[in-house]
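Residue strings, one per chain:
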Amino acid sequence: QVQLVESGGGLVQAGGSLRLSCAASGSIFSVDAMGWYRQAPGKQRELVATIRGIGSTDYAGSVKGRFTISRDNAKNTIYLQMNSLKPEDTSVYYCNAGVRTRSWGPPNTYWGQGTQVTVSS
């Protein structure tokens, strides 16, 4: 099995910064794209940022220029540096990864349990 464990959430004032981490562990052969999603109460889960194995990245327009996703392939870990946080960034943030548990076949998608980020005004 594969587990994704997030950490780093918390309460911060508007304009502040937080850094989220997500580590994948378990029966891993390789990890493809990884990413961060968020879901606020009463809203659909939305993409925040993704990073591929080669390091290319994509960001939601609402976070571009403020958030930075990075990756440590040796540790199967991704990070999300969040700067200039706004109250509208308040959400549960979920880690997502495409993981291959064997050398053949497509990757399976796994999710972390989520970490709460609250930005006060």
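Our structure is the block above this text.
Fair warning: this is a prediction, and the values are worked out from it, not measured in the lab. (Residues numbered from 1 in each chain as written. Predicted model: local features only at pLDDT ≥ 70, side-chain atom pairs only at ≥ 80, totals over all residues. Heavy atoms only, no water.)

Got a sec to walk through the state of the cysteines? Specific residues and values, please.
For the structure on display, the rule yields 1 disulfide. With a sulfur-sulfur separation of 2.0 Å, C22 is cross-linked through a disulfide to C95. Here the S-S torsion is close to -80°, and the disulfide linking C22 with C95 is therefore left-handed. You can see C22 sitting in strand β3 (residues 18-26) and its partner C95 sitting in strand β9 (residues 91-100), a full 73 residues away along the chain. (Disulfide = S-S within 2.5 Å. Helix = DSSP H or I, 4+ residues; strand = E, 2+ residues; numbered from the N terminus.)

Which residues make up the pattern of salt bridges, and what values go with them?
Enumeration over the complete set of coordinates arrives at 5 salt bridges. In this structure, D89 and R66 form a salt bridge, with 2.8 Å as the shortest nitrogen-oxygen distance. A residue pair is termed long-range when its members are at least 10 positions apart, and D89 in the loop between β8 (77-82) and β9 and R66 in the loop between β6 (57-59) and β7 (67-72) qualify at 23 residues. With a relative accessible area of 0%, D89 lands in the buried category. The class for R66 is buried, based on a relative accessible area of 12%. Sharing partners across several salt bridges, the network here consists of R38, E46, R66 and D89. (Salt bridge = Lys/Arg side-chain N within 4 Å of Asp/Glu carboxyl O. Buried < 20%, exposed > 50% of the residue type's maximum accessible area, 1.4 Å probe, protein only.)

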